[in-house]
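In case you want the letters, here they are:
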Amino acid sequence: ILNVEQSPQSLHVQEGDSTNFTCSFPSSNFYALHWYRWETAKSPEALFVMTLNGDEKKKGRISATLNTKEGYSYLYIKGSQPEDSATYLCALPTGANNLFFGTGTRLTVIP
Amino acid sequence: EAQVTQNPRYLITVTGKKLTVTCSQNMNHEYMSWYRQDPGLGLRQIYYSMNVEVTDKGDVPEGYKVSRKEKRNFPLILESPSPNQTSLYFCASSLGGGGQDETQYFGPGTRLLVL
């Protein structure tokens, strides 16, 4: 079992605001970090897989950075829209066959 | 359309009545896995399969069985369900190993209530 922590647990932002949240993990034996987006009543959907220290990835208004030396990744959403409301999960592999998921950050964007 | 499907999506049952939740993927993926999601906890792996006839326990396998007779299907079996198995269940698949840097594709979830 890995110590993967996501913060905050939940947040509410106004439409148009930018926001960010954190995934913290043990920096030793790092291999990869996954970000998923999970809308209520839908399937979790992959956003990014990050493997290198200093990685930055972007998908539309969502971007992520990775610092493997200090053990954290940030997910940023620029100009939040109501359709961004979801739970954002990070996960790290615990071996060849398993992802260990954090408990997620639940984002609500208020119109 | 490439997808992972699960059936049923919602199920209410009683303690001890055997049930099966089906999972099927049409992407020719080698790896398939079952997770459960409970409030306040992250997704936890129940069982996984690296290929046909190859299955292994995840983090929380007690009370569950799986089989992988065909590449596309990976049913989850609860022989004698108990109320502590009330949960949201997800099936997932990936092209190769399932962990490391491979993206997993998730089904829509099955919400199970055991009375």
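As the structure is a computational prediction, the values presented were derived from the model and not from experiment.

Undergrad: Would you take a moment to explain the overall build of chain B for this structure?
TA: In terms of helices and strands, chain B carries zero helices and 11 strands. Ordering the α and β elements of chain B from the N terminus gives β-β-β-β-β-β-β-β-β-β-β. Against the 2.2 N^0.38 benchmark of 13 Å for 115 residues, chain B shows a C-alpha radius of gyration of 13 Å, consistent with a compact globule. C-alpha extents for chain B along the principal axes are approximately 35 × 30 × 25 Å. Across the 115 residues in chain B, those meeting the buried criterion constitute 49%. In chain B, of all internal contacts separated by at least 6 residues, the share reaching a separation of at least 24 is 55%. Of the roughly 5,300 Å² of accessible surface on chain B, a fraction of 52% belongs to carbon and sulfur atoms.

Undergrad: What is the right way to look at the side chain of Ser87(B) in this model?
TA: Residue and element names in this part refer to chain B. In this structure, Ser-87 sits in strand β9 (residues 87-94). By relative accessible area, which is 5% here, Ser-87 ends up buried. Among the polar contacts listed, one links the side chain of Ser-87 to the side chain of Asp-38, at a separation of 2.8 Å.

Undergrad: Please clarify how the interface of chain B and chain A should be interpreted in this entry.
TA: Many analyses report the size of an interface as the accessible area lost when the parts associate. At the junction of the two partners, chain B supplies 25 residues and chain A supplies 22 residues. At the boundary of chain B with chain A, total buried surface from both sides reaches about 1,800 Å², with 56% on carbon and sulfur atoms. If you sort the residues of chain B by the area they bury against chain A, Leu43(B), Gln100(B) and Phe106(B) come out on top, with a joint share of 33%. Linking chain B with chain A are zero salt bridges. Between chain B and chain A we count five residue pairs in polar contact (both at pLDDT 80 or more) in total.

Undergrad: What exactly am I supposed to notice about the environment of Val21(B) here?
TA: All names here are of chain B. Mapped onto the fold, Val-21 is located in strand β3 (residues 19-25). Under the relative-accessibility criterion, Val-21 is labelled buried at 2%. For the pair formed by Val-21 and Val-66, sequence separation is 45 residues and the distance between their alpha carbons is 9.8 Å. Discounting residues that sit within four places of it in the chain, Val-21 has contacts with Asn-7, Trp-34, Pro-75, Leu-76 and Thr-110.

Undergrad: Help me out: how do you make sense of the packing of aromatic side chains in this one?
TA: Applying the stated rule across the entire model yields 13 aromatic pairs over all chains. An angle of 85° between the planes, with centres 5.4 Å apart, marks the rings of Tyr36(A) and Phe106(B) as edge-to-face. On the criterion of chain membership, the pair formed by Tyr36(A) in strand β4 (residues 33-38) and Phe106(B) in strand β10 (residues 105-106) is interchain, its members lying in two chains. Here Tyr36(A) falls in the buried class, since its relative accessible area comes to 0%. Here Phe106(B) falls in the buried class, since its relative accessible area comes to 6%. Both rings, one in Tyr64(B) and one in Tyr89(B), keep their centres 5.8 Å apart while their planes meet at 65°; by these two values the pair is edge-to-face. Of this pair, Tyr64(B) sits in the loop between β6 (54-57) and β7 (65-66) while Tyr89(B) sits in strand β9; the two residues are 25 residues apart in sequence, bridging distant segments of the chain.

Undergrad: Even after reading the chapter, I still don't get the pattern of salt bridges, so can you show me in this structure?
TA: Where side chains of opposite charge bring their charged atoms close, a pairing between them can arise. Evaluation of the coordinates by the stated rule reveals seven salt bridges over all chains. We note a salt bridge from Glu30(B) to Lys71(B), for which the minimum N-O separation is 3.0 Å. In this pair, Glu30(B) is assigned in the loop between β3 and β4 (31-37) and Lys71(B) in the loop between β7 and β8 (76-78), connecting sequence segments 41 residues apart. On the accessibility criterion, Glu30(B) (25% relative accessible area) is partly exposed. Counted as one network, the salt bridges with shared partners bring together Arg37(A), Glu39(A) and Lys42(A).

Reading guide: rules and limits
Residues numbered from 1 in each chain as written. Chains lettered and ligands numbered in written order. Predicted model: local features only at pLDDT ≥ 70, side-chain atom pairs only at ≥ 80, totals over all residues. Heavy atoms only, no water. Helix = DSSP H or I, 4+ residues; strand = E, 2+ residues; numbered from the N terminus. Rg over C-alpha atoms; globule rule 2.2 N^0.38 Å. Buried < 20%, exposed > 50% of the residue type's maximum accessible area, 1.4 Å probe, protein only. Contact = heavy atoms within 4.5 Å. Areas by Shrake-Rupley, 256 points an atom, 1.4 Å probe, with all protein chains shown as cover. Polar contact = N/O pair within 3.5 Å; in protein donor to acceptor, adjacent residues only side chain to side chain. Buried area = accessible area lost by both parts, 1.4 Å probe. Salt bridge = Lys/Arg side-chain N within 4 Å of Asp/Glu carboxyl O. Phe/Tyr/Trp six-rings, centres within 6.5 Å; stacked < 30°, edge-to-face > 60°.

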